[in-house]
Amino acid sequence: MTKIMASYLLGLVFLLALVLLSTASPKTHYHDFVVQATPVKRLCNTVNAITVNGQLPGPTLVVNEGDGLVINVVNRAKYNVTIHWHGVRQMRTGWADGPEFVTQCPIRPGESYTYRFTIQGQEGTLWWHAHSSWLRASVYGALIIHPREGTPYPFPKPDRETPIILGEWWNRDPVTVIRQATRTGAAPNVSDAYTINGQPGDLYKCSSQDTTIVPMDVGETHLLRVINAALNQELFFSVANHIFTVVGADASYLKPFTTNLIMLGPGQTTDVLISGDQPPGRYYITGKPYQSAQNAAFDNTTTTAVLEYRSVPCPAKGLPKSTPVLPPMPAFNDTNAVTSFTSKLRSLRRAEVPADVDEDLVFTVGLGLNTCPPNFSKNQCQGPNGTRFTASMNNVSFILPSNWSLLQAHRYGIPGVFTTDFPAKPPVKFDYTGNVSRSLWQPLTGTKLYRLKYGSRVQVVIQGTSIVTGENHPMHLHGYDFYIVAEGFGNFDPKVDVKKFNLVDPPMRNTVPIPVNGWAVIRFVADNPGVWIMHCHLDVHIAWGLAMAFLVEDGVGEYETLQAPPEDLPLC
Ligand code: C2O
């Protein structure tokens, strides 16, 4: 009897283990991404846009924390392409990170490459985008990371969730737009529209038929996963009559707080909850520019989608739907609104911020102007007063290699591709946010990396400059999440500003908007070996050289060492 009972029990335990394993064990998701030219109609025009699988936005990837992704990218377009999984930590899998000439050579037309990586310790919203020229204008999509099966959200489970991807649209091929700017030295043409889930919305011509509709039920809680995928514009975001409870950003949870307005720099994501607590009706969801640079041309238009309660009766045949309510929106240059939002961000849990640092770095970020080289014609110097636009970090304007990726050059010890003398401090000290002497407006060029020992604790003061114009720069670091321990205006002053450091619950992000004519301080531990680019996520500024890269050395043993490159890694 006891023997039978025992074997019965054993069988039960076995079954239970099987059930647990099958639900909680990580899965691998396989996808095919075909990059191809697709006719896309927007704003009364049809443009042959480069898309993934003919979709704009591209496919949404939905995974659980711990899952693996295997994505075969086939390039059927006429341009070189790479795909970057923005915000994914890529622990030891730098080969799958994607920035062109940084971690891989481009996938040439007709070729393919398979990205293999795992999502570890990140939950919330990330995204993916092309990382070559300006292709990400139409090559982007959401990457949604749910908690592991059986693990709850740290907030009541929403009844519904919707990715909201803010984009930017040109009536021309965006690659020709940036090529023209590179040729002329002038700023590139601004976009023709912003979009929500690929659609400009009711406030643009020929668009209201296709405005994105987001459904809502009375009494429900709805999680909006907001992503700023715009190329060159920071954006304010709000929903008429609905208050946001902010719960996460860049796939890290935040202490919940309420606001009716958020701001996202390109690259950033924010998860907000809204409740179906308003009279059933139609409410505008809006995105409009936050523009901090003085006297700079920008696309000053507003994109809309409609939050539509499903209980609103359809209008009688032939009658139009009711006009949605518009939310109040701040002025385009309302920096106070931005500061008031960013100052509320706190990590949900106690943060593991390194209390001491091994590397105490200061990087200036900003624009510049090159005087016209003697062998250039007037047409090639159409920047302000016959100059060419440039940008730099610590006075180095970053140049990508073209014959090897930085990571391959590092791995194989190829000489002459990069140097590791990126300065730890600004080479010249000056009043960064004051009236800067013209002699400091022209940076050097170089492919300079900064070398970090495995496991070193790193602090970077990212200091904006007022050269040409101060501007809020959304600075993105690949391969890492970092804590934003403080930010402020003017020049960072270590004596005064260390008192503002939050080492208890600072927000953890992968992209930090540096306040206009101000600074931010970030900290991270260099626990991911490889070559990781840090750059402004305004694509126009990358083209001008607003980037640098960290070379993080291998540590000890397999788990602290970059994996071997995959066999299909493209060569240049
Ligand atoms: Cu989202 Cu280097 O980019």
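Residues numbered from 1 in each chain as written. Predicted model: local features only at pLDDT ≥ 70, side-chain atom pairs only at ≥ 80, totals over all residues. Heavy atoms only, no water.

Student: Would you mind going over the overall build of the protein with me for this structure?
Tutor: The helix and strand inventory of the protein stands at six helices and 32 strands. Taking all 572 residues of the protein together, 58% fall into the buried category. Taking the intrachain contacts of the protein between residues at least 6 apart in sequence as the baseline, contacts between residues at least 24 apart amount to 79%. Per element, the accessible surface of the protein, about 23,500 Å² overall, is 54% carbon and sulfur. (Helix = DSSP H or I, 4+ residues; strand = E, 2+ residues; numbered from the N terminus. Buried < 20%, exposed > 50% of the residue type's maximum accessible area, 1.4 Å probe, protein only. Contact = heavy atoms within 4.5 Å. Areas by Shrake-Rupley, 256 points an atom, 1.4 Å probe, with all protein chains shown as cover.)

Student: I tried to follow the domain arrangement of the protein on my own but got confused; where do I start?
Tutor: The extent of an interface is frequently quoted as the accessible surface area lost upon association of the parts. For the protein, the assigned domains read domain 1 (1-153), domain 2 (155-347) and domain 3 (359-560). The C-alpha-based centres of domain 1 and domain 3 are spaced at 28 Å. Contacts between domain 1 and domain 3 engage 26 residues on the former and 28 residues on the latter. In this assembly, domain 1 packs against domain 3 so that about 2,200 Å² is buried in total across both faces, 56% of it on carbon and sulfur atoms. Area buried by domain 1 at its contact with domain 3 is led by Arg92, Phe101 and Val102, which between them contribute 30% of it. (Domains from an automatic or database assignment. Buried area = accessible area lost by both parts, 1.4 Å probe.)

Student: When you look at the sheet that holds strand E29 (residues 511-514) in this model, what are you seeing that I'm missing?
Tutor: Pairing between sheet strands relies on hydrogen bonds along the backbone, with the strands arranged either parallel or antiparallel. Pairing is mixed across the open sheet formed by five strands, whose spatial order is E24-E32-E31-E26-E29. With partners counted over all chains shown, the strands left at the sheet margins are strand E24 (449-452) and E29, one partner each. Averaged over neighbouring strand pairs, the angle between their axes works out to 20° when direction is ignored. As defined by bridge partners, strand E26 (residues 473-477) adjoins E29 across four bridges and the pair is classed as antiparallel. If you follow His476 over to E29, its bridge partner there is Thr511. (Pairing = 2+ DSSP bridges. Axes fitted to C-alpha atoms, helices over the stretch in contact; angles between N-to-C directions.)

Student: Where do I start with helix H3 (residues 335-342) in this structure?
Tutor: Given 3.6 residues per helical turn, the α-helix brings residues three or four places apart onto the same face. Where H3 is concerned, the buried positions are Thr335, Ala337, Val338, Phe341 and Thr342. The arc that holds every buried residue of H3, seen down its axis, measures 160°, which confines them to one face. Measuring from the backbone nitrogen of Asn336 back to the side-chain oxygen at the start of H3 gives 3.3 Å, which picks out Asp334 as the cap. (Arc of directions from axis to C-beta. Polar contact = N/O pair within 3.5 Å; in protein donor to acceptor, adjacent residues only side chain to side chain.)

Student: How do you make sense of helix H2 (residues 174-184) when you look at a structure like this?
Tutor: Listed as buried for H2 are Pro174, Val175, Val177, Ile178, Ala181 and Thr184. Where H2 begins, the capping side chain belongs to Asp173, and its oxygen is found 3.0 Å from the backbone nitrogen of Val175. Downstream of H2 by one or two residues, Gly185 has phi in the positive range, about 80°.

Student: What exactly am I supposed to notice about the pattern of salt bridges here?
Tutor: A side chain of one charge can pair with a side chain of the opposite charge if their charged atoms are brought near each other. Scanning all chains against the criterion turns up 19 salt bridges. Note that Arg160 and Asp217 form a salt bridge whose closest N and O atoms lie 2.9 Å from each other. Residue Arg160 is found in strand E9 (residues 160-169), and its partner Asp217 is found in the loop between strand E11 (213-216) and strand E12 (221-228); the two are separated by 57 residues along the sequence. Since its relative accessible area comes to 22%, Asp217 is described here as partly exposed. The residue Lys500 makes a salt bridge to Asp497 at a minimum N-O spacing of 3.0 Å. The network of salt bridges with shared partners includes Arg160, Asp217, Glu220 and Arg310. (Salt bridge = Lys/Arg side-chain N within 4 Å of Asp/Glu carboxyl O.)

Student: Sorry, what's going on with unusual backbone geometry here?
Tutor: It is generally the case that most residues other than glycine have a negative phi and that most peptide bonds are trans. In this chain, Leu56 is followed by Pro57 through a cis amide linkage whose omega measures -10°. On the secondary structure map, Pro57 appears in the loop between strand E2 (45-52) and strand E3 (61-64). Residue Asn53 is not a glycine yet carries a positive backbone phi of 55°. Located in the positive-phi region is Cys206, a residue other than glycine, with phi close to 55°. The topology assignment puts Cys206 in the loop between strand E10 (193-196) and E11.

Student: For this particular structure, what's the right way to read the state of the cysteines?
Tutor: Think of a disulfide as a covalent bridge from one cysteine sulfur atom to another cysteine sulfur atom. Across all of its chains, the model carries three disulfides by this definition. Bridging Cys44 to Cys206, the disulfide has an S-S length of 1.8 Å. As the torsion about the S-S bond is roughly 95°, the Cys44-Cys206 disulfide counts as right-handed. Of this pair, Cys44 sits in the loop between strand E1 (28-42) and E2 while Cys206 sits in the loop between E10 and E11; the two residues are 162 residues apart in sequence, bridging distant segments of the chain. With relative accessibility at 36%, the residue Cys44 sits in the partly exposed group. Sulfur-sulfur distance for the disulfide between Cys105 and Cys572 comes to 2.0 Å. Where Cys105 bonds to Cys572 through sulfur, the torsion about that S-S bond is close to -90°, and the disulfide is left-handed. Placement of the pair is Cys105 in the loop between strand E5 (83-86) and strand E6 (112-118) and Cys572 in the segment after strand E32 (547-552), with a sequence separation of 467 residues. For Cys105, a relative accessible area of 0% corresponds to the buried category. With cysteine numbering restricted to those in disulfides and following the sequence, the protein has the pairing 1-3, 2-6, 4-5. (Disulfide = S-S within 2.5 Å.)

Student: Explain the nonpolar core here, please?
Tutor: A general feature of soluble globular proteins is that nonpolar side chains tend to end up buried together. Judged by nonpolar contacts, the single largest core of 51 residues is most densely connected at Val226, Phe237 and Ile262. Taken domain by domain, the makeup of this core includes at least three residues from each of domain 1 (1-153) and domain 2 (155-347). Excluding residues that lie within four positions of it along the chain, Val226 makes contacts with Ile164, Leu166, Phe237, Ile262, Leu264, Gln268, Thr269, Thr270, Asp271 and Val272. (Core = buried A, V, L, I, M, F, W, Y, C linked by side-chain atoms within 4.5 Å.)

Student: Sorry, what's going on with the side chain of Asp97 here?
Tutor: Tracing the backbone shows Asp97 in the loop between E5 and E6. Buried charge without a partner: Asp97 forms no salt bridge, and the closest opposite charge is Arg89, 9.8 Å away. Polar side-chain contacts of Asp97 include one of 2.7 Å to the side chain of His478. If near-sequence neighbours (up to four positions away) are discounted, Asp97 is found in contact with Ile83, His84, Trp85, Gln90, Thr103, His478 and Trp532. (Lys, Arg positive; Asp, Glu negative; His and termini not counted.)

Student: I tried to follow the pairing of strand E14 (residues 244-249) on my own but got confused; where do I start?
Tutor: Note on strand geometry: in a regular strand, side chains alternate between the two faces of the sheet. For E14, the tally of buried residues reaches five of six residues, placing the bulk of the element in the interior. Here five bridges tie E14 to strand E15 (residues 252-259), and the two strands are oriented antiparallel to one another. Note on E15: the bridge partner recorded for Gly248 is Tyr253. Hairpin geometry of E14 and E15 is characterised by an intervening segment of two residues between the two adjacent antiparallel strands and by a positive phi of about 50° at Asp250. Pairing analysis gives four bridges linking E14 to strand E17 (residues 269-275), with the strands arranged antiparallel. Residue pairing in the sheet places Ala249 in a bridge with Thr270 of E17.

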